Structures are given as structure tokens and as C-alpha cells.
Amino acid sequence: ENVFSRLTGFVFEWTLAKAVEAEGMSDPQAIARYETFDESQYEGQELIVQLERKGLRGDEVLLEGLSVGIVRVNARLVNPEWKNVEVAESDLLVVENLQLLPSLAYIMPAAYVDYSVMRTTLAAEQRIQMPCDQYDLKLANTTVGRLDVAKSRVTGLQLGSSKLQLFIQHMPSLSERYRKAADLHVVLPAYLQINIDSGSWVLEVDRLYAISVSVFDKSDNALIVTDNMRLATDVSSSFEVLFSSVNGSYFH
């Protein structure tokens, strides 16, 4: 098949339609919209910009995602001479830039990890309050951990690995194509490490220091030390402890 090397200057009709997979979704115009280069921060080709200023569109357009969903993008040549040229179609999936945090976690049995869902936009990073009516959390391997949906918390049950997955509610077909996941490993502790915020154990009198205890597995992965864990930490009487965490992993 031969492909035109240049289409700049040709007029196209661009439309949005409901995608086959968009069962139950809102109107396509609520999911995405066409935007002119003059409206955007992008610099378009001069011929494209000139067409848009006349209310026409060329072979290149800008689309702005408005809400989560899927729409069908259609493009056809306007010139009557090419009326037999088939309309080009493509499905556009509009999603949010989300991240499950922590993306990787190591815990021991009976310990837990609290997850958060972060949304990143051009303006800022925002935490999504979970549970919500737009996204679902599911644990892939429920023998390794137990998910408390109300708290977005996974508690380790037995040694092994799993994934916490973020799904789009009411859109199973989209969830299979767009899925965020965080890795979880339930392991046994192997050794401890004592840390000081100054980085040196040569200390000064009357200066404040923060001392913490880290827990590692046999592969040197740091475990999350949760409030329901208890570390038997003995701080010398040479120090005045102003604060200590419930689990015995932090002092200052």
C-alpha cells in the first residue's frame, strides 16, 4: 500500500462518536473535546493553524481529555473527489495519571501497609480519597494478604507475593487495558539496623538527634515497620528521650 508523504493543507472532518466498548458511558463530548492550536500551549504547523482560524481542520488535531472513558475518533477527507475514501477510526482511551503508593512494599506476616492513590496533573499532585465511586482496589492473591477496602490497607497473612490492583469501576473492558498495580511481598525479618539522622555516631552534648531502627529481610529489602509491631529497643540512660514511637522504631 502506498502512503501519502504529505497531507498538510487538505481539509478533514473530525468527529467524536461512542466507542463499541463504551457501554453505559456518558456522551463522547463529555469524555474528550477537540482543541485548536491557538487555544493550547502547543505550536502547530502554519497551514493547520490557518485552517483552524477559518473553522476548518487539517490532518493534525489536538484532543483534550475531559473525563475517564473511551471515545471513537473519526476522520474523513472533505473534498467530494475523495468521497469514496473510507473514514479512519480509532478508539481513544482517556485515563487519569494515577499511581498506587507505595508501589513496592515488604512486610512481615501480621504487619500491614496503608496505600494511597495519587493523581498527577499539570498543575499538581493530589491524593484521591479512597474508597471512591470511580476506582476499585483488589488484591490479586488473597492467601498472601487481606485487603481492608475501607482503609486501603493490606495485612500480611503468610509468606508470598501479590499485587494490589487499581480498577476503573463499572468499566471492566477498560480496566483490562488500563490497570495500575503495586507489588507486595510478605517476608521474614532477617536483621536490624540502627540509624542516626546525623550520619555519625560521634555525638555532641546538648544536641538533639533522631534515632531509628530499620528491619531488613535476607535479601536486604527494607520492611515497613508498622504500629502493631514491637521492637525491643534499649536506649542508654546517657540519652534523654523526648519522644519514642509506639513500636519502638524511632526516638528523639
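Residues numbered from 1 in each chain as written. Predicted model: local features only at pLDDT ≥ 70, side-chain atom pairs only at ≥ 80, totals over all residues. Heavy atoms only, no water.

Caption draft 1: Up close: the overall build of the protein chain. Scanning the protein chain from terminus to terminus reveals three helices and 18 strands. In terms of overall size, the protein chain is more extended than a compact globule, its C-alpha atoms giving a radius of gyration of 27 Å where 252 residues would be expected to give roughly 18 Å. The buried share among the 252 residues of the protein chain stands at 36%. Partitioning the intrachain contacts of the protein chain with sequence separation of at least 6 by distance along the chain shows that 55% fall at a separation of at least 24. Only carbon and sulfur atoms are counted for the fraction: they give 50% of the accessible area of the protein chain, which is about 15800 Å². The positive charge centre, built from 22 side chains, and the negative charge centre, built from 34, are 4 Å apart in the protein chain. (Helix = DSSP H or I, 4+ residues; strand = E, 2+ residues; numbered from the N terminus. Rg over C-alpha atoms; globule rule 2.2 N^0.38 Å. Buried < 20%, exposed > 50% of the residue type's maximum accessible area, 1.4 Å probe, protein only. Contact = heavy atoms within 4.5 Å. Areas by Shrake-Rupley, 256 points an atom, 1.4 Å probe, with all protein chains shown as cover. Lys, Arg positive; Asp, Glu negative; His and termini not counted. Charge placed at Lys NZ, Arg CZ, Asp CG, Glu CD.)

Caption draft 2: Focus on helix H2 (residues 46-53). Ile 48, Val 49, Leu 51 and Glu 52 are the residues of H2 that are buried. Buried positions in H2, seen along its axis, are confined to an arc of 160° and lie on one side of it. Looking at the residues trailing H2, positive phi occurs at Gly 55, about 85°. (Arc of directions from axis to C-beta.)

Caption draft 3: Representation of the packing of aromatic side chains. Summed over all chains, the structure comprises four aromatic pairs. An angle of 65° between the planes, with centres 5.2 Å apart, marks the rings of Phe 10 and Trp 82 as edge-to-face. Here the residue Phe 10 occupies a position in the segment before strand S1 (12-18), and Trp 82 occupies one in the loop between strand S4 (69-77) and strand S5 (88-94), the gap between them amounting to 72 residues. By relative accessible area, Phe 10 is classed as partly exposed at 27%. A relative accessible area of 29% means that Trp 82 is categorised as partly exposed. Here Trp 14 and Tyr 34 contribute two aromatic rings whose centre-to-centre distance is 6.3 Å and whose plane-to-plane angle is 65°, an arrangement assigned as edge-to-face. Of this pair, Trp 14 sits in strand S1 while Tyr 34 is found in strand S2 (residues 32-35), placing the two residues 20 residues apart along the sequence. Owing to a relative accessible area of 13%, Tyr 34 belongs among the buried residues under this scheme. (Phe/Tyr/Trp six-rings, centres within 6.5 Å; stacked < 30°, edge-to-face > 60°.)

Caption draft 4: Structural context of the environment of Asp 227. Position of Asp 227 relative to the elements: it lies in the loop between strand S17 (211-216) and strand S18 (250-251). In this structure, the C-alpha to C-alpha distance between Asp 227 and Cys 132, residues 95 residues apart in sequence, is 26 Å. Apart from residues lying up to four places away in sequence, Asp 227 is in contact with Tyr 112, Val 246 and Asn 247.

Caption draft 5: Up close: the sheet that holds strand S10 (residues 125-128). The strand order across the open sheet built from three strands is S6-S9-S10, with neighbouring strands paired in antiparallel fashion. The outermost strands of the open sheet, each flanked by one partner alone, are strand S6 (98-101) and S10. Shown here is a sheet whose adjacent strand axes are inclined to one another by a mean of 30°, direction ignored. Of the pairings in the sheet, the one linking strand S9 (residues 116-120) to S10 comprises four bridges and is antiparallel in character. (Pairing = 2+ DSSP bridges. Axes fitted to C-alpha atoms, helices over the stretch in contact; angles between N-to-C directions.)

Caption draft 6: Expanded view of the layout of surface pockets. Considering only enclosed or pocket space, the largest pocket measures out at about 650 Å³ in volume. Looking at the lining of the largest pocket, the elements that each hand over two or more residues are S2, strand S3 (62-65), S5 and S9. It is S3 that provides the largest number of residues to the lining of the largest pocket, a total of four residues. What the second largest pocket holds in volume is close to 370 Å³. As for the second largest pocket, its lining consists of 16 residues, of which Arg 207, Tyr 209, Ser 238, Phe 239 and Glu 240 are closest to the centre. The class makeup of the residues in the lining of the second largest pocket is ten nonpolar, two polar and four charged. (1 Å grid on protein atoms, 1.4 Å probe; cavity = no way out; pocket = protein on both sides within 12 Å on 5 of 7 lines; lining within 4 Å. Points joined across faces, edges and corners; volume = space filled by probe spheres on them. Nonpolar A, V, L, I, M, F, W, Y, C, P; charged D, E, K, R; others polar.)

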